[in-house]
Amino acid sequence: MKAESILLAVAHICSYQQTRCLSCASGFYFQRDNALFLITNRHVVWDESSKHKPDRLEISLHPDPENLAITSLYSIPLYDDAQTALWREATDKSGTVDVVALPLDLAAFPQDSLYATFTPEDLPANLASIEVGESVRVVGYPLNFQDNLHNLPVMRHAIIASSFNLRFQGQGYFLTDSLLHRGSSGSPVVLRTSEHVSGREDFPWMLLGVHSSRLDVSNRDEKEDERLNLFTAWYSDVLMGLTEDPEAPAVTV
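These lines cover the structure that appears in this document, whether it is placed above or below. Since the model is a prediction, treat every value here as computed from it, not as a measurement. (Residues numbered from 1 in each chain as written. Predicted model: local features only at pLDDT ≥ 70, side-chain atom pairs only at ≥ 80, totals over all residues. Heavy atoms only, no water.)

A short note on empty space enclosed by the protein
Here is step 1: In total, this model carries one cavity of 30 Å³ or more according to the counting rule given.
Here is step 2: Taken together, 14 residues form the lining of the largest cavity, with Leu-8, Val-10, Tyr-29, Ser-60 and His-62 sitting closest to its centre.
Here is step 3: Listed by contribution, the elements that provide at least two residues to the lining of the largest cavity are α1 (5-8), β1 (10-17) and β4 (56-61).
Here is step 4: In terms of residue class, the lining of the largest cavity is made up of 10 nonpolar, four polar and no charged. (1 Å grid on protein atoms, 1.4 Å probe; cavity = no way out; pocket = protein on both sides within 12 Å on 5 of 7 lines; lining within 4 Å. Points joined across faces, edges and corners; volume = space filled by probe spheres on them. Helix = DSSP H or I, 4+ residues; strand = E, 2+ residues; numbered from the N terminus. Nonpolar A, V, L, I, M, F, W, Y, C, P; charged D, E, K, R; others polar.)

Spelled out as structure tokens, the structure:
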């Protein structure tokens, strides 16, 4: 049986400092013309506040399309020989956007690997057509949990918790209401576009955003008040700027 395409578009990411595993997260593949990118959160590759600074990422691949139980690991360097960061990042009027695009070398990428990709055609064309309360999905590896036999992610249900047509408090993200965990960072937030296809031969998903982090209030009493369970998701249109120029310069960190 072939897995649904949305599960094959999401990557299991572990960050490393040499041979030491620092953390695990989620990401997804985005293809624009002939260029392939791994998309995840910026704090997965570099987080100043926690001094999280891996030198490479490792993702799991499916080298045998006929047997998903067979997996291989693929290492992606985060810095060149001059120690310049290889990912692309963006800023807006409020500061750094928590999304990065890491170019993948198609010549070196295993050609027989089974994976699916989002493309610019999967981004929403009209933000006003998507409403608050809309049912969406977040696909990733919460707490590093997965189908260990087939190395596939899991899908969580969420709703859009803020006006999708208005950027929340002027920031580059909208809010989701869900039960999400550490390890989901970098997961795609998607909206199903068809009820009549299995998602195995087709790709019936619209990419709305990139899940980032929990949002909480500063005056919450930890003894009296439960967490809000609201999360930020950066709008997917940031990917168009991140992937526009194949020869974009590297980032200095």
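After that view of the structure, there is still more to cover.
Observations regarding the pairing of β1
Here is step 1: Counting buried residues in β1 gives seven out of eight residues, a clear majority hidden from the surface.
Here is step 2: Note: β1 against strand β2 (residues 20-32), eight bridges, orientation antiparallel. Across the sheet, residue Val-10 finds its bridge partner in β2, namely Phe-28. (Buried < 20%, exposed > 50% of the residue type's maximum accessible area, 1.4 Å probe, protein only. Pairing = 2+ DSSP bridges.)

A few points about the state of the cysteines
Each disulfide consists of a covalent bond between the sulfur atoms of two cysteine residues.
Here is step 1: Taken as a whole and assessed by the stated rule, the structure comprises one disulfide.
Here is step 2: Not engaged in a disulfide, the cysteine Cys-21 finds its nearest cysteine sulfur in Cys-24; these two sulfurs lie 4.2 Å apart. (Disulfide = S-S within 2.5 Å.)

Re the environment of Thr-19
Here is step 1: Counting through the fold element by element, Thr-19 comes out in the loop between β1 and β2.
Here is step 2: Linking Thr-19 and Phe-37, residues 18 residues apart in sequence, is a C-alpha distance of 24 Å.

Some details on the pairing of strand β7 (residues 95-104)
Here is step 1: Of all 10 residues that make up β7, seven are buried, and the element is covered over most of its length.
Here is step 2: In this structure, strand β3 (residues 35-40) lies alongside β7, joined through five bridges in antiparallel fashion. Each residue of the ladder has a partner; that of Leu-38, found in β7, is Leu-102.
Here is step 3: By the bridge criterion, four bridges tie strand β6 (residues 88-92) to β7 in an arrangement that is antiparallel. Following the sheet pairing, Thr-91 is matched in β7 by Thr-96.
Here is step 4: Here β6 folds back onto β7 in antiparallel fashion, the turn holding two residues.

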